[in-house]
Amino acid sequence: AGGIGEMSPPLFSLPEARHRFTTSTREALNIKSIKPLLNAFNQIPGSENEKKCTLDQAFRVIVEEEIINKAPCENLLAIISLAINGVTEGICTASTPFVLLGDVLDCLPLDQCDRIFTFVEKNVATWKSNTFYSAGKNYLLRMCNDLLRRLSKSQNTVFCGRIQLFLARLFPLSEKSGLNLQSQFNLENVTVFNTNEHESTLGQKHTEEREEGMDVEEGEMGDDEAPTKNSGSLQDYFRNPVQCYEKYSEEVLAVFKSYKLDDTQASRKKLEELKTGGEHVYFAKFLTSEKLMDLQLSDSNFRRHILLQYLILFQYLKGQVKFKSSNYVLTDEQSLWIEDTTKAVYQLLSENPPDGERFSKMVEHILNTEENWNSWKNEGCPSFVKERPPDSKPMRPVRKRPAPEDFLGKGPNKKILMGNEELTRLWNLCPDNMEACKSESREYMPTLEEFFEEAIEQADPENMMPDCYQPSLYFIFRAVNNSNYGWRALRLLARRSPHFFQPTNQQFKSLPEYLENMVIKLAKELPPPSEEIKTGEDEDEEDNDALLKENNESPEVQRDKAMTGDQIESVANRLGEQWKALAPYLEMKDADIRQIESDSEDMKMRAKQLLVAWQDQEGAHATPENLVLALNKAGLGDLAESLSNDTESGS
């Protein structure tokens, strides 16, 4: 009170908004852009729902005016396309394009409906999108059914087929509205037969044909009745198998069997049609005049129609259909009759030109495939889309109840209580579990020196057994021939030796042979095995001899010593990522380099594998001097100088 009152927002006015939307729609159609409609939607006051409903009404008014003015189909399609863009932009309801399509198809003649439906077919991807599908599927289904009621199945066969194909593309296979779940027959398909008495062109009397197409009970037919009339009457029994179809079947099949077509004449006629440029003529429905029966008997397609209907009906009667009526359950006698008749029908199909044998096999294959659809319907038409297993969804972390502090080792004693004195004692020997796992006392794997000490001694020629012993016995008692020792040796080599994964072209016939080769390589790298404790005098003498020998050795001899394992380890650690630059100068092949890359991701391990492979390849020539030369050639002078200094200091 006493203050300046706020101005209330302008109220929504339906006439004004409708006029504004109508003007903006026509402007948008002229410039072929939706921007005028977007501007008008944002400027007009009112709620979003009110504005959407008003714009929907404006679209229908413009479509009505265009139809009254007999505008071309392109103008109507432009309005519908504008409505589709409006739905995408969120300024009109999702059902608007479908309502406009229904209005247009209801008001236009069939020739123009064909052009409008072409637009509907091209936009099937739009209708199937999430924005439009749920809102428009019922509109589209109702629209297509209304069109089918207006069309003639015999005169507009192609248009009817296009509508059916469109519905098949629009709806998924599991859509219940498109399925005959209860396997019902179309009893509305009634054909009116000609009942006038005329003389048949096959020479039969009119008295033998006067009852064609009539409902006749069993036992009322004469023995001389014309069998040709029964082919027309069969259609009534195909659509409703409860009736006694058997009384006509045998006579019709007998006519087909006795009156066979000439394959030569059919082929000649087909060739003449192709030469003259004639097209194959197909009739959706055969004529029912009995005067044309002899001509229809000469038509292979006519025979195929009837024989194929037999097979479809027999498959239904024999198959396991969930909703089959109790009237359709066959007796043993009927089942035998159907089996015999099925064989006869397939035989007639194979004898019917052209390509009867191929056509018969194709029909049999298609009907066998149809059993899969029957099983699918019996199972309740489950979806073809497989759901993701529930385990693939991320699990939400479960909140645990907080435990007492003394249980977690945070109490005064800082002990973790395990509920048992002995378990508590064992657990608290080392409170930090990770540190306990890293303890040296848990290292149970021996070193290469310790494990292969005995095998290296046995491989030394100086330690060979005297000639008085049998060589075969010495070979048997060697360590590498023990299977248990060999298995443990392989596991240790895989963990500690780079030679185990090094590719080689050498062939080994047995495990002992392979281990002996590995022992020789290890003997070159590892320090000499431990010797027995000697007396003080022996040790002094050996030390003096070693000093004299060391002093007497020439520098060339000292330089020519092969690289030790420690030297290879040291060079590999410093080489690191530059190993690949050194590989070509060590005469490594591309295949060896690729093998090293695939064996390990660690650069230091790759460098070590390279040097070990070079050592295996060069043997006694794998000296520090040769490696220094290769490093200098690869442009790694600093590393070469470092290796030279280490070699000189070591010597």
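Residues numbered from 1 in each chain as written. Predicted model: local features only at pLDDT ≥ 70, side-chain atom pairs only at ≥ 80, totals over all residues. Heavy atoms only, no water.

By the naming in an unreviewed UniProt entry, the protein is THO complex subunit 1, taken from Strigops habroptila.

Let us now look at the overall build of the protein. What the protein contains, in helices and strands, is 31 helices and zero strands. Each of the 651 residues in the protein was classed as buried or not, and the buried ones make up 33%. By sequence separation, contacts in the protein at least 24 residues apart represent 66% of the contacts at least 6 residues apart. By element, 51% of the accessible surface of the protein is carried by carbon and sulfur atoms, the whole surface being about 43,100 Å². (Helix = DSSP H or I, 4+ residues; strand = E, 2+ residues; numbered from the N terminus. Buried < 20%, exposed > 50% of the residue type's maximum accessible area, 1.4 Å probe, protein only. Contact = heavy atoms within 4.5 Å. Areas by Shrake-Rupley, 256 points an atom, 1.4 Å probe, with all protein chains shown as cover.)

This model, assessed by the stated rule, comprises two cavities of 30 Å³ or more. Its boundaries defined by the atoms lining it, the largest cavity holds a volume of some 40 Å³. Among the residues making up the lining of the largest cavity, the classes are represented as three nonpolar, four polar and two charged. Counted as a void, the second largest cavity has a volume near 40 Å³. Around the second largest cavity, the lining residues are Leu 105, Asp 106, Met 143, Asp 146, Leu 147 and Arg 150. Elements that contribute at least two residues to the lining of the second largest cavity include exactly α5 (96–107) and α8 (133–150). The element that contributes the greatest number of residues to the lining of the second largest cavity is α8, accounting for four residues. (1 Å grid on protein atoms, 1.4 Å probe; cavity = no way out; pocket = protein on both sides within 12 Å on 5 of 7 lines; lining within 4 Å. Points joined across faces, edges and corners; volume = space filled by probe spheres on them. Nonpolar A, V, L, I, M, F, W, Y, C, P; charged D, E, K, R; others polar.)

Bringing helix α30 (residues 624–633) into the picture now. Along α30, the residues classified as buried are Pro 624, Leu 627, Val 628, Ala 630 and Leu 631. With its buried residues spanning 165° around the axis, α30 presents them on a single face. Seen from the buried face of α30, the exposed residues on the opposite side, beyond 90 degrees, are Leu 629 and Lys 633. Count one or two residues on from α30 and you reach Gly 635, which has phi positive near 80°. (Arc of directions from axis to C-beta.)

With respect to the helices and strands, Lys 260 occurs in the loop between α11 (246–258) and α12 (263–275). Placed 91 residues apart in sequence, Lys 260 and Glu 351 show a C-alpha to C-alpha distance of 8.0 Å. Residue contacts for Lys 260: discarding those within four places in its chain leaves Arg 303 and Glu 351.

Soluble globular proteins tend to bury their nonpolar side chains together. One finds Phe 59, Trp 127 and Phe 166 to be the most contacted residues of the largest nonpolar core, which totals 51 residues. Aside from chain neighbours lying at most four places away, what touches Trp 127 is Ile 84, Phe 98, Leu 101, Val 120, Phe 132, Tyr 133, Leu 140, Phe 166 and Leu 170. Core analysis: the second largest hydrophobic core is formed by 28 residues, Leu 586, Ala 607, Ala 613 and Leu 631 among them. (Core = buried A, V, L, I, M, F, W, Y, C linked by side-chain atoms within 4.5 Å.)

Pairs of packed helices are described in terms of their axes, by the angle between the two and the distance that separates them. At a minimum axis distance of 10 Å, the contact between helix α3 (residues 48–68) and α5 shows a crossing angle of 20°. One finds that α3 runs roughly parallel with respect to α5. When the axes of α3 and α5 are compared, the crossing they make is right-handed. Where α3 approaches α5, its residues Asp 56, Phe 59, Arg 60, Val 63 and Ile 67 are matched on the opposing element by Thr 96, Val 99, Leu 100, Asp 103, Val 104 and Cys 107. Counted by class, the contact of α3 with α5 contains seven nonpolar, one polar and three charged residues. (Axes fitted to C-alpha atoms, helices over the stretch in contact; angles between N-to-C directions. Parallel < 35°, antiparallel > 145°, perpendicular 65-115°, else oblique. Left-handed = near helix turned anticlockwise from the far one by under 90°.)

If you walk through the whole model with that rule in mind, you get 15 aromatic pairs. With centroids separated by 6.3 Å and ring planes inclined at 35°, the aromatic side chains of Phe 21 and Phe 41 adopt a geometry described as tilted. Residue Phe 21 is located in helix α1 (residues 14–31), and its partner Phe 41 is located in helix α2 (residues 35–43); the two are separated by 20 residues in the primary sequence. In this pair, the class of Phe 21 matches that of Phe 41, namely buried. Where Phe 451 meets Tyr 485, the ring centres are 4.7 Å apart and the plane angle is 10°; that geometry is what we call stacked. Placement of Phe 451 in helix α19 (residues 448–451) and of Tyr 485 in helix α22 (residues 483–496) is noted, with a sequence separation of 34 residues between them. With a relative accessible area of 11%, Phe 451 lands in the buried category. By relative accessible area, Tyr 485 is classed as buried at 10%. In this structure an aromatic cluster arises from ring pairing among Phe 98, Trp 127, Phe 132 and Tyr 139. Over the ring of Phe 41 we find Lys 51, and its NZ or CZ is 4.6 Å from the ring centre. (Phe/Tyr/Trp six-rings, centres within 6.5 Å; stacked < 30°, edge-to-face > 60°. Lys NZ or Arg CZ within 6 Å of the ring centre and 35° of its normal.)

Okay, the pattern of salt bridges next. On inspection of all chains with the given rule, the structure shows 13 salt bridges. Residues Glu 65 and Arg 26 are paired through a salt bridge, measuring 2.3 Å at the closest nitrogen-oxygen approach. Taken together, the positions of Glu 65 in helix α3 and Arg 26 in helix α1 put the pair 39 residues apart, joining distant regions of the chain. The partner of Glu 74 in a salt bridge is Arg 115, with the nearest N and O atoms 2.7 Å apart. Of this pair, Glu 74 sits in helix α4 (residues 73–89) while Arg 115 sits in helix α6 (residues 110–122); the two residues are 41 residues apart in sequence, bridging distant segments of the chain. Overall, Glu 74 belongs to the partly exposed group, its relative accessible area being 46%. Since its relative accessible area comes to 44%, Arg 115 is described here as partly exposed. (Salt bridge = Lys/Arg side-chain N within 4 Å of Asp/Glu carboxyl O.)

Attention now moves to the state of the cysteines. In total, this model carries zero disulfides according to the counting rule given. No disulfide involves Cys 107; its sulfur sits 9.3 Å from the nearest other cysteine sulfur, which is in Cys 113. (Disulfide = S-S within 2.5 Å.)

In this chain, Pro 353 is followed by Pro 354 through a cis amide linkage whose omega measures -5°. Within the fold, Pro 354 resides in the loop between α15 (332–351) and α16 (356–378). Not every positive phi belongs to a glycine, and Asp 355 is a case in point at roughly 55°. In this structure, Asp 355 sits in the loop between α15 and α16. The class for Asp 355 is exposed, based on a relative accessible area of 51%. Of note in the backbone geometry, Glu 587 takes a positive phi value of approximately 60° without being a glycine. Locating Glu 587 in the fold gives a position in the loop between α27 (579–582) and α28 (590–599). Look at Glu 587 and you get exposed, because its relative accessible area is 57%.

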